[in-house]
Amino acid sequence: MDRLQAMHIFRAVVEAGSFAGGARKLEFSNAMVSKQISKLEASLGVRLLTRTTRRLQLTAEGERYLNGASRLLDELQELETGLGEQRGEIRGRLRLSAPLDFGVRALIPALQAFERRHPAVMLDVVLEDRRVDPVAEDFDLVVRIGELEDSSLIARPLMDMPRHVYAAPEYLARHGTPTHPAELRGHRCLHYSLAREGHYWHFQVDGAAYRVRIRPVMACNNGRALTEAAIRGMGLVYKPAFLGEPEVEAGRLVRVLDDFNVAPISVHLLYAEREFIPARLRALVDTLLAHFAETRA
């Protein structure tokens, strides 16, 4: 039995949640995967997985073996990749996390530029609207929007993201156009339910910070869905420019309250501090910083 191959198969099965899923991921037959797991368990003398009709579950021994095997496999990959990078080759795998809407609208064009320069690097991109822990969840790089907590992570400023209040012309024709942030209390507002500021929208009035507590008629955890609701005239939406401006250019939304300088949101790249930063990660960080600097210019 090839022990390294068995470790790869075991990890793929656990990550996929099934023998069939692991087989598809590795392009092996189901029978071969099942046989390798059985051989691995026999050689170790322990049960690694509990099999039921619906799902697989790690035993205590299986969880311990998975952690150790994953560490060995990752170290081996890092060693082999590092040797290649010493020869000037940038290759390997990078795991990246970013918020969903920002990832789709703003990040993918930057990743396209990176992929063209470094086609041997495999990008594993996870887009979801939650604050992931890069170290605990094994991400090489995280895009973080908003305030940063104190941590040992390296934080590189990526951009300040403008925000505006948007509405459909149809909505403004029916409900009127607000001329001061205080008037938002009487308007139908569409709210991003994951916003860390709660039900407050932030502005600058006469050079001072000013916030309004809105009473949302609809809350949603997806910015694109809220933008679509605004396009359909359901209310005012307070969103980053990368979501709103394409709709303004298309005539589906207009900006309101522009005289009150909505505070931008800071966007950072986060990654773990370590003695040796792989060349592929340095190249990705440099590419993203250059891309967004060019976009702002």
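Each chain carries its own residue numbering, running from 1 in the written order of its sequence. In view of the model being predicted, local features appear only for residues whose pLDDT reaches at least 70, and side-chain atom pairs are presented and counted only at 80 or more, with totals across whole chains, interfaces and linings using the full set of residues. In computing side-chain properties, one takes all heavy atoms of the structure into account and sets aside hydrogens as well as water.

1. Comments concerning the packing of aromatic side chains
- Pairs were defined over the aromatic rings of Phe, Tyr and Trp, the Trp ring being its six-membered one, requiring ring centres within 6.5 Å. Orientation was assigned from the angle between planes: stacked under 30 degrees, edge-to-face over 60, tilted for the rest. Taken as a whole and assessed by the stated rule, the structure comprises five aromatic pairs.
- Taken together, a centroid distance of 5.8 Å and an interplanar angle of 55° make the contact between F10 and Y65 tilted. Highlighted residues: F10 in helix α1 (residues 3-16) and Y65 in helix α4 (residues 60-86), separated in sequence by 55 residues.
- Take Y65: its relative accessible area is 16%, and that puts it in the buried class.
- Judged by centre distance (6.0 Å) and plane angle (40°), the rings of F203 and Y238 are tilted. By definition, any uninterrupted DSSP run of H or I lasting at least four residues is a helix, any uninterrupted run of E lasting at least two residues is a strand, and each is numbered from the N terminus. Each residue is placed in one exposure class: buried if its accessible area under a 1.4 Å probe, protein chains only, is under 20% of its type's maximum, exposed if it is over 50%, and partly exposed if it falls in between.

2. Topic: the sheet that holds strand β14 (residues 265-271)
- Ordered in space as β4-β3-β5-β14-β6, the five strands form an open sheet in which the pairing is mixed. Among the strands making up the open sheet, the edge pair consists of β4 (121-127) and β6 (154-161). Each adjacent strand pair in this sheet contributes to an overall mean axis angle of 20°, direction not counted.
- In short, DSSP must find at least two bridges between two strands for them to pair. Sheet topology note: the strand β3 (residues 92-98)/β4 ladder contains seven bridges and is parallel. Across the sheet, residue G92 finds its bridge partner in β4, namely V121.
- Of the strands in this sheet, β3, β4, β5 (141-145), β6 and β14 touch helix α5 (residues 100-117), which is tilted by about 170° from β4. Interaxial angle, 0 to 180 degrees, is taken between N-to-C directions of lines fitted to C-alpha atoms, where a helix line uses only the stretch in contact. In this description, contact between two residues means that some pair of their heavy atoms is separated by no more than 4.5 Å.

3. What about the sheet that holds strand β8 (residues 189-192)?
- Reading across the sheet, the five strands line up as β11-β8-β12-β7-β13 and stay open at both edges, with mixed pairing between neighbours. Pairing within the sheet leaves two strands with one partner each, and these edge strands are β11 (216-220) and β13 (254-256). Recorded for the sheet is a direction-independent mean angle of 40° between the axes of neighbouring strands.
- Strands β8, β11 and β12 (236-240) of the sheet are contacted by helix α7 (residues 223-231), whose axis makes an angle of about 175° with β8.

4. Some thoughts on the domain arrangement of the protein
- Parsing the protein into structural domains produces domain 1 (3-83), domain 2 (92-160 + 266-295) and domain 3 (163-263).
- The start and end points of each domain follow an automatic or database-based domain assignment. Between the C-alpha centres of domain 2 and domain 3 the distance comes to 28 Å.
- Across the contact, seven residues belong to domain 2 and eleven residues belong to domain 3.
- Summed over both sides, the interface between domain 2 and domain 3 buries roughly 740 Å², with carbon and sulfur atoms accounting for 49% of that surface.
- A simple way to read buried area is as the amount of 1.4 Å-probe accessible surface that goes missing from two parts once joined, with both sides added. Taken as a group, D101, R105 and D129 account for 69% of the area that domain 2 buries against domain 3, more than any other trio of residues on that side.

5. Some thoughts on the side chain of E247
- Tracing the backbone shows E247 in helix α8 (residues 241-249).
- Discounting residues that sit within four places of it in the chain, E247 has contacts with R105, R224, T227, I231, R252 and L253.

6. As for the state of the cysteines
- Here, a disulfide means two cysteine sulfur atoms that sit within 2.5 Å of each other. Applying the stated criterion across every chain yields a total of zero disulfides.
- Between C220, a cysteine without a disulfide, and C189, which holds the nearest cysteine sulfur, the sulfur-to-sulfur distance is 15 Å.
- Using a relative accessible area of 16% as the deciding quantity, one classes C220 as buried.

7. Considering unusual backbone geometry
- Residue E27 is not a glycine yet carries a positive backbone phi of 60°.
- Within the secondary structure, E27 is located in the loop between α2 (19-26) and α3 (30-44).
- Phi is positive for D138, which is not a glycine, with a value near 60°.
- Among the structural elements, D138 can be located in the loop between β4 and β5.
- Judged by its relative accessible area of 45%, D138 is partly exposed.

8. What about the pattern of salt bridges?
- One speaks of a salt bridge when a side-chain nitrogen belonging to Lys or Arg is within 4 Å of a carboxyl oxygen belonging to Asp or Glu. Evaluated as defined, the whole model comprises 13 salt bridges.
- In this structure, R93 engages D124 in a salt bridge whose closest nitrogen and oxygen atoms are separated by 2.8 Å. Of this pair, R93 sits in strand β3 while D124 sits in strand β4, placing them 31 residues apart in sequence.
- A salt bridge links R232 to E228; the shortest N-O distance between them is 3.1 Å.
- On the basis of relative accessible area, R232 is assigned to the exposed category, the value being 58%.
- Take E228: its relative accessible area is 28%, and that puts it in the partly exposed class.
- Taken together, the salt bridges that share partners define one network made up of R105, R224, E228, R232, E247 and R252.

9. Comments concerning the nonpolar core
- Grouping buried Ala, Val, Leu, Ile, Met, Phe, Trp, Tyr and Cys residues that are joined through side-chain atoms within 4.5 Å yields what is termed a nonpolar core. Of all hydrophobic cores here, the largest spans 29 residues; its most connected members are F102, L107, L141, V143, L158, L269 and L288.
- A per-element tally of this core places helix α9 (residues 279-296) first, with seven residues.

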